[in-house]
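The primary structure of each chain is shown beneath.
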Amino acid sequence: MSNANNTKNLVSIIAASSVGTLIEWYDFYIFGSLAAIIATKFFPAGNPTLALLSTLATFAAGFVVRPFGALFFGRLGDLVGRKYTFLLTLVLMGLSTFLIGCIPSYATIGYLAPVLVLLLRLLQGLALGGEYGGAATYVAEHAPIGKRGFWTSWIQTTATAGLFLSLLVIITIKGNLSPEEFLDWGWRIPFWISIIMVGVSILIRMKMQESPLFTAAKKAGTISAHPLRDSFANKYNFKFVLLALLGATMGQGVVWYTGQFYALSFLQNTLKVEVAQASQLIMLALLFATPFFVFFGWLSDQIGRKWIMLTGMLLAVCLYRPIYSAMYEIGFHAANGNFLSGWVLDDTSFWKLVLLVFIQVLFVTMVYGPIAAFLVELFPTQIRYTSMSLPYHVGNGIFGGLLPAIATYLTTRAMQLNEVALKSGSALPYEKPYLEGLWYPIVIAGISFLIGMIYIKEKKQQEP
């Protein structure tokens with residue numbers, strides 16, 4: 001096959017893999033993007049802070065089960081193939097998302113509402129647990145040796161693109177409805193729309209061919225009959241599973257969710273910026289930064305994956321508190337010291353905040369752009385789907401997915417303790433309570449940086 005035909009084939013493979021992955025991320029993130037409204041719909045009224053924390057905990061639950069989805073679907077992918085496994089995850093995700101939009105409110109069915117939401121979030125998490133490993137493995141096993149970082153980095157853009165798309169859909173729907181209509185029923189539309197997008201992506205994926213490396217291994221009879229046992233009972237392989245988790249994906253997960261999701265939460269819940277404007281701000285930062293996923297993926301083919309990822313973690317550890325302190329000061333001065341719910345930034349403050357969020361997303365692109373190729377090259381073909389999926393989803397699903405809830409709790413607790421001290425006339429325990437939530441990603445990313453620096457070795461790009 002000529003280079004031109006091979007490139008054209010790779011582009012179509014990436015497009016088919018990416019469209020489904022993008023839709024799955026969209027499905028997953030519309031829940032988080034609408035957390036403030038969902039808190040009022042599916043949880044008891046009377047304590048908005050508790051309702052928001054409950055919603056974030058439900059959001060986090062979908063992440064916590066991702067490793068179980070990785071085990072189940074990873075095993076399936078190593079047994080029957082990459083294509084049909086992540087076709088199944090797409091169907092499961094789409095149906096779960098659509099049904100969340102159909103659940104009656106707490107006022108209508110009581111505690112059954114949050115229970116149903118939790119169950120569907122768990123199904124979403126299981127589906128997403130099987131999606132990423134399949135898509136990344138599928139693209140990597142089609143990509144030529146020496147260019148895996150570049151080609152798999154396109155898959156890396158889909159998580160950010162899914163968040164971008166979720167915000168775009170929400171803003172568009174809000175712009176065409178009154179605030180009352182959106183709050184009453186319009187917030188359900190983004191969930192319903194997903195079923196159409198999922199249907200289109202299923203048709204596209206049905207036309208995909210199986211991975212050539214998996215097909216060759218199947219013909220040769222070298223596929224694993226027990227991928228779970230071979231991945232985790234084998235001490236040599238399990239060592240690399242732990243290294244991938246503790247030295248890479250754990251730090252990458254918290255950097256990803258801080259730079260994109262916690263930044264949105266900080267704007268909406270700490271600075272109280274109007275929801276649509278906060279979403280627009282994040283969207284612009286994502287738009288400007290997204291090409292750097294591909295750049296750092298390409299660069300990792302040239303100079304190696306390790307130090308690009310670790311540099312992103314180190315920058316995040318050192319700069320998160322200064323960045324969020326600057327964000328707070330910009331918002332404080334723009335609001336004249338009074339964060340009223342739903343206030344609007346002036347143009348100068350808006351663009352300053354876009355820049356600060358862009359810098360955070362730049363850290364994300366450094367740790368996330370090369371990581372698919374890094375994980376793929378750690379493990380042999382016959383157990384790759386299973387072996388890479390678990391550390392990825394533990395790092396992102398548990399360490400990263402718990403970040404919004406943990407960071408919000410730490411910040412809320414610090415502010416409450418300051419209020420108690422203020423009322424009693426005592427010294428304030430926290431000088432900047434709005435920064436306390438950042439200790440979680442800083443500590444996790446710092447640990448991951450140290451482990452990765454000491455134990456990760458650059459591997460020559462070759463097919464194991």
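A. Structural detail: the overall build of the protein chain. When helices and strands are counted, the protein chain shows 21 helices and zero strands. Here the protein chain holds 464 residues, and the buried ones make up 58% of them. Within the protein chain, contacts between residues separated by at least 24 positions form 85% of all contacts whose residues are at least 6 apart in sequence.

B. Summary view of the nonpolar core. One finds Y29, Y324, M327 and Y368 to be the most contacted residues of the largest nonpolar core, which totals 116 residues. The biggest single contributor to this core is helix α13 (residues 235–270), with 17 residues. Excluding its chain neighbours within four sequence positions, the residues that come into contact with Y324 are T258, Y262, A263, F266, Q360, Y434, L435 and L438. Grouped together as the second largest cluster of nonpolar side chains are nine residues, L10, I14, Y138 and V139 included.

C. Seen up close, unusual backbone geometry. A positive phi angle, close to 65°, is found at K272, a residue other than glycine. The residue K272 is located in the loop between α13 and α14 (275–289) in this model. Although it is not a glycine, N336 sits at a positive phi angle of roughly 55°. Position of N336 among the secondary structure elements: in the loop between α16 (306–334) and α17 (347–368).

D. Broad picture of the pattern of salt bridges. Evaluated as defined, the whole model comprises four salt bridges. Where E377 meets R148, a salt bridge forms, and the shortest distance between an N and an O atom there is 3.1 Å. Remark: R148 occurs in helix α8 (residues 148–175) and E377 occurs in the loop between α18 (371–376) and α19 (384–400); sequence separation between them is 229 residues. Side by side, E377 and R148 carry an identical accessibility label, which is buried. Two residues, D301 and R305, come together in a salt bridge whose shortest N-O distance is 2.8 Å.

E. Local environment of the packing of aromatic side chains. Under the definition given, this model contains 25 aromatic pairs. Here the aromatic rings of F42 and W187 are separated by 5.6 Å at their centres, their planes lie at 80°, and the arrangement is edge-to-face. Within this pair, whereas F42 is found in helix α2 (residues 35–42), its partner W187 is found in the loop between α9 (179–184) and α10 (189–206), the two being separated by 145 residues in sequence. Centroid distance Y106 to Y111: 5.2 Å. Interplanar angle 90°. Geometry classified as edge-to-face. Residue classification places Y111 among the exposed residues on the basis of a relative accessible area of 57%.

F. Examining the packing of α13 against α19 more closely. Across the interface, α13 lies against α19 with an axial gap of 7 Å and an inter-helix angle of 35°. Considering the relative orientation of α13 and α19, their crossing is right-handed. Contacts between α13 and α19 involve N237, V241, A244, L245, T249, M250, Q252, G253, V254 and Y257 from the former and S387, P391, Y392, V394, G395, N396, F399 and G400 from the latter. When its residues are assigned to classes, the contact of α13 with α19 shows ten nonpolar, eight polar and no charged.

Conventions and cut-offs
- Residues numbered from 1 in each chain as written.
- Predicted model: local features only at pLDDT ≥ 70, side-chain atom pairs only at ≥ 80, totals over all residues.
- Heavy atoms only, no water.
- Helix = DSSP H or I, 4+ residues; strand = E, 2+ residues; numbered from the N terminus.
- Buried < 20%, exposed > 50% of the residue type's maximum accessible area, 1.4 Å probe, protein only.
- Contact = heavy atoms within 4.5 Å.
- Core = buried A, V, L, I, M, F, W, Y, C linked by side-chain atoms within 4.5 Å.
- Salt bridge = Lys/Arg side-chain N within 4 Å of Asp/Glu carboxyl O.
- Phe/Tyr/Trp six-rings, centres within 6.5 Å; stacked < 30°, edge-to-face > 60°.
- Axes fitted to C-alpha atoms, helices over the stretch in contact; angles between N-to-C directions.
- Left-handed = near helix turned anticlockwise from the far one by under 90°.
- Nonpolar A, V, L, I, M, F, W, Y, C, P; charged D, E, K, R; others polar.

The analysis is restricted to geometry; functional conclusions fall outside its scope.
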